[in-house]
Amino acid sequence: MLRIAFAVGALVLISSAALAQGDDFNRPNSTNMGPYWAEVAGDWRIENNRARSQPAPATDLMVYTAWTSPYPYVEAEVYYEGSARVTYAALVSLYANLSNNLFVKVQDNNASGDFERVFFYYGNNGSPWAGMTGGPYYVDVTPFTQARIWTLVSGNNITLNIDRDMNGVPEDVLTRGGFPTGSLGVVVGLGGYNNASFDNFRVPEPASLTLLSLALLLVRRRG
């Protein structure tokens, strides 16, 4: 119990740290995402100061080219906008190409008008990796229509945090491990399906990344 409490505290500390790099998408509507994004699948756009995937059932993905890390922290706000439909919003870590990346998504799986299921995949909306630890590759969560979500890679584990009221304390913390590392990269990004909506994408500045590494070391030592 003490270790869990300390780990959550460390994650809150990181979440509240100065995450100076990223994109708030506060610029005029455009299909040009700007110099720090590479749209590797689908045509993304800026709409009403948010990033949107194309309004079609397509597995879109874009990567953030201004920052890399072998143990990334990635954060974004996700919003359910528009009519009820099957849609997802994903955080992408350790991207090498469309086939080799860690892909963690929140999804409206039954067109109910909210996000209610989490998936842990290898590859762009790909499939669960063999030997996954920590639980099944998907899990149902309390439905929500907006949240700040973030993922953190440590070793060969990836943890998703869901913070529905955006107060820095996640209501859901889900970890899956055992992913293969041989073909992964160091780039991060976003995935979207059927008009996904994102805001305030963030990654750590160098000082925060040092703090993150220290917090993870302390968590491991207290285990």
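Going by the structure above, here's the rest.
Every value quoted in this text rests on a predicted model; they were computed, and no experiment measured them.

What to know about the side chain of glutamine 107
- Looking at the secondary structure, you find glutamine 107 in strand β8 (residues 100-108).
- Looking at glutamine 107, the relative accessible area reads 7%, which means it is buried.
- In terms of polar contacts, glutamine 107 uses its side chain to reach the side chain of asparagine 109, at 2.6 Å.
- Excluding anything up to four places from it in sequence, glutamine 107 contacts Val86, Thr87, Tyr88, Asp114, Phe115, Glu116, Arg117 and Phe119.

Considering unusual backbone geometry
- Residue asparagine 48 is not a glycine yet carries a positive backbone phi of 55°.
- Along the chain, asparagine 48 turns up in the loop between β3 (45-47) and β4 (50-52).
- By relative accessible area, which is 60% here, asparagine 48 ends up exposed.
- At asparagine 195, a position not held by glycine, the phi torsion is positive, near 70°.
- For asparagine 195, the position within the fold is in the loop between β14 (187-193) and β15 (197-203).

Some points on the packing of aromatic side chains
- This structure, assessed with the given rule, holds 16 aromatic pairs.
- Between the aromatic rings of tryptophan 37 and phenylalanine 201, the centroid separation amounts to 4.9 Å while the plane-to-plane angle is 65°, which identifies the pairing as edge-to-face. Within this pair, whereas tryptophan 37 is found in strand β2 (residues 37-41), its partner phenylalanine 201 is found in strand β15, the two being separated by 164 residues in sequence. No difference in accessibility class separates tryptophan 37 from phenylalanine 201, as the two residues are buried.
- For the ring pair phenylalanine 119 and tyrosine 137, a centre distance of 6.2 Å and an interplane angle of 45° mean the geometry is tilted. Remark: tyrosine 137 occurs in the loop between β9 (115-122) and β10 (138-144) and phenylalanine 119 occurs in strand β9; sequence separation between them is 18 residues.
- Note on tyrosine 137: relative accessible area 31%, which makes it partly exposed.
- Through successive ring pairs, a cluster of aromatic residues spans Phe25, Tyr36, Trp37, Tyr64 and Phe201.

Conventions adopted
- In this convention, every chain numbers its residues from 1, walking through the sequence in written order.
- Only residues with pLDDT of 70 or above have their local features reported here, since the model is predicted, and side-chain atom pairs are shown and tallied only from 80 upward, although totals for entire chains, interfaces and linings are computed over all residues.
- Heavy atoms throughout the structure, all of them, feed into the side-chain values; hydrogens and water do not.
- Secondary structure elements are defined from DSSP: runs of H or I of at least 4 residues count as helices, runs of E of at least 2 residues count as strands, and each element is numbered from the N terminus.
- Only protein chains enter the calculation, and the probe is 1.4 Å; a residue is then buried if its accessible area is under 20% of its type maximum, exposed if over 50%, and partly exposed in between.
- Pairing of N or O atoms within 3.5 Å defines a polar contact, subject to two protein rules: one partner must be a possible hydrogen donor and the other a possible acceptor, and residues neighboring in sequence count only if both atoms are side-chain atoms.
- Residue contacts follow a heavy-atom distance rule, with two residues in contact if any of their heavy atoms lie within 4.5 Å.
- Classification of ring pairs rests on two measures: the distance between centres of Phe, Tyr or Trp rings, Trp counted by its six-membered ring, which must be within 6.5 Å, and the angle between planes, read as stacked under 30 degrees, edge-to-face over 60 and tilted in between.

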